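Listed here are the chains, written in short residue letters.
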Amino acid sequence: MHDKEQIRKSPEAFAAALQRRQLTVDVAALLALDAQDRGGKTEIQNLQAKANDIAKQIPVYKKEGKDIAPLLAEGKALKEQIAGLEKGEGGAFDKALMSLPNLLADEVPEGADESANVEVRAVGQKPAIAAPKDHVALGEALGLMDFEAAAKISGARFVVLRGALARLERALAAFMLDIHTGEFGYTEHQVPYLVKDAALVGTGQLPKFAEDLFKTTGEHWLIPTSEVSLTNLVADSILEEAALATPLRLTAYTPCFRSEAGSAGRDTRGMIRQHQFSKVELVSITKPEDSVAEHERMLSCAEEVLKRLGLHYRV
């Protein structure tokens, strides 16, 4: 969630920060929603105070032998009025903010798309291959990657891996987990793949990316990344500063589920942008002032995997 107090103090700075993401926001309209919500809260507090006064009068009326029916009726009416206000209370401003993307760090280069990305470094020697084949051609030719069988079972954007390739994926996941837990201080977790709304709201997935998620017929959603489950392990908790002297470092290997709405025809060949894929996730819980250094450390942990596999990569 964006810092509401900071937006109230510096609405123009907030608008300028979002402009760096090619997004124009009407901050006056946002502040109007804020005023509306805060006015609703005041009204609720006033009505609650009246309801409390009535609740205190009821035993007095009973003791004095007076008719409490009018008080009960008034109390019920106030409860209904409060409930009606609470449905909309605090919602408009929060919902508007939750639909907006995160603000960019100062060092992030501005640009309309990925063409503006800046290469920080390239590691390893890029292999020179005269006639390279993509992973689909290689996997199908070896009989280890089967999109046709997956389509028969589940439709497009799924794959069946078999034999040595299935074993390779399992081995790579174990390799990554062993490095992160054995050398870099991460604690491995097995987490739920189904989560409730609050878990996705807390990690910025809802309401922004609702169309990219899979929802069950009940009250659960399939996780798009284990970051959702891992991060929510500390949701609604206040951690003592001493507990974060060393950041909490969490990892998990899980399947991830994404509808990939709106990506038709774009990078969809083979195992890219699938509805189901598996991933080793890294999450750190740390003090705000340590977050940049921890993010760099996390990047180095991920890079170490690529280095040990002898892969050329760019940052």
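Above this text sits the structure in question.
The sections below set out a description of the structure shown in this document.

Comments concerning the overall build of the chain
Now for step 1: Secondary structure summary: the chain contains 11 helices and nine strands in total.
Now for step 2: For 315 residues, the compact-globule estimate of 2.2 N^0.38 gives 20 Å, and the chain exceeds it by more than 25% at 26 Å.
Now for step 3: C-alpha extents for the chain along the principal axes are approximately 95 × 45 × 45 Å.
Now for step 4: By the burial criterion, 29% of the 315 residues in the chain qualify as buried.
Now for step 5: The long-range fraction of contacts in the chain, counting pairs at least 24 apart against all pairs at least 6 apart in sequence, stands at 71%.
Now for step 6: Element-wise, carbon and sulfur atoms account for 54% of the exposed surface of the chain, whose accessible area totals about 20,000 Å².

Structural notes on unusual backbone geometry
Now for step 1: Of the consecutive residues Leu206 and Pro207, the connecting peptide bond is found in the cis state with omega at 0°.
Now for step 2: You will see that Arg157, though not glycine, has its phi angle at about 70°, which is positive.
Now for step 3: Tracing the backbone through its elements, the reader meets Arg157 in the loop between helix 7 (147-154) and strand 3 (160-161).

Here we look at the pattern of salt bridges
Now for step 1: Applying the stated criterion across every chain, the model contains 16 salt bridges.
Now for step 2: Glu241 is the salt-bridge partner of Lys287, the closest N and O atoms lying 4.0 Å from each other. On the criterion of sequence distance, the pair formed by Lys287 in the loop between strand 8 (276-285) and helix 11 (291-308) and Glu241 in the loop between helix 10 (227-231) and strand 7 (248-257) is long-range, its members being 46 residues apart.
Now for step 3: Judged by relative accessible area, which is 18%, Lys287 ranks as buried.
Now for step 4: For Asp290, the salt bridge identified is with Lys287, shortest N-O distance 4.0 Å.
Now for step 5: Judged by relative accessible area, Asp290 falls into the partly exposed class, the value being 30%.

Scoring rules and cut-offs
- The numbers attached to residues start from 1 for each chain and follow its sequence in the written order.
- Whole-chain, interface and lining totals are the exception, using all residues; otherwise, since this is a predicted model, local features are given only for residues with pLDDT of at least 70 and side-chain atom pairs are given and counted only at 80 or more.
- To obtain the side-chain values, all non-hydrogen atoms of the structure were used and water was disregarded.
- Here a helix means four or more residues in a row that DSSP labels H or I, a strand means two or more in a row labelled E, and each is numbered from the N terminus.
- Based on C-alpha atoms, the radius of gyration is set beside the globule rule, defined as 2.2 Å times the residue count to the power 0.38.
- Partly exposed describes any residue whose relative accessible area lies between the buried limit of under 20% and the exposed limit of over 50%, with all areas from a 1.4 Å probe on protein chains only and scaled to the type maximum.
- Contacts are residue-level and defined by heavy atoms, with any inter-residue pair within 4.5 Å sufficient.
- Surface exposure here means Shrake-Rupley accessible area, sampled with a 1.4 Å probe, where a residue is shielded only by the protein chains that are shown.
- Any carboxyl oxygen of Asp or Glu within 4 Å of a side-chain nitrogen of Lys or Arg constitutes a salt bridge here.

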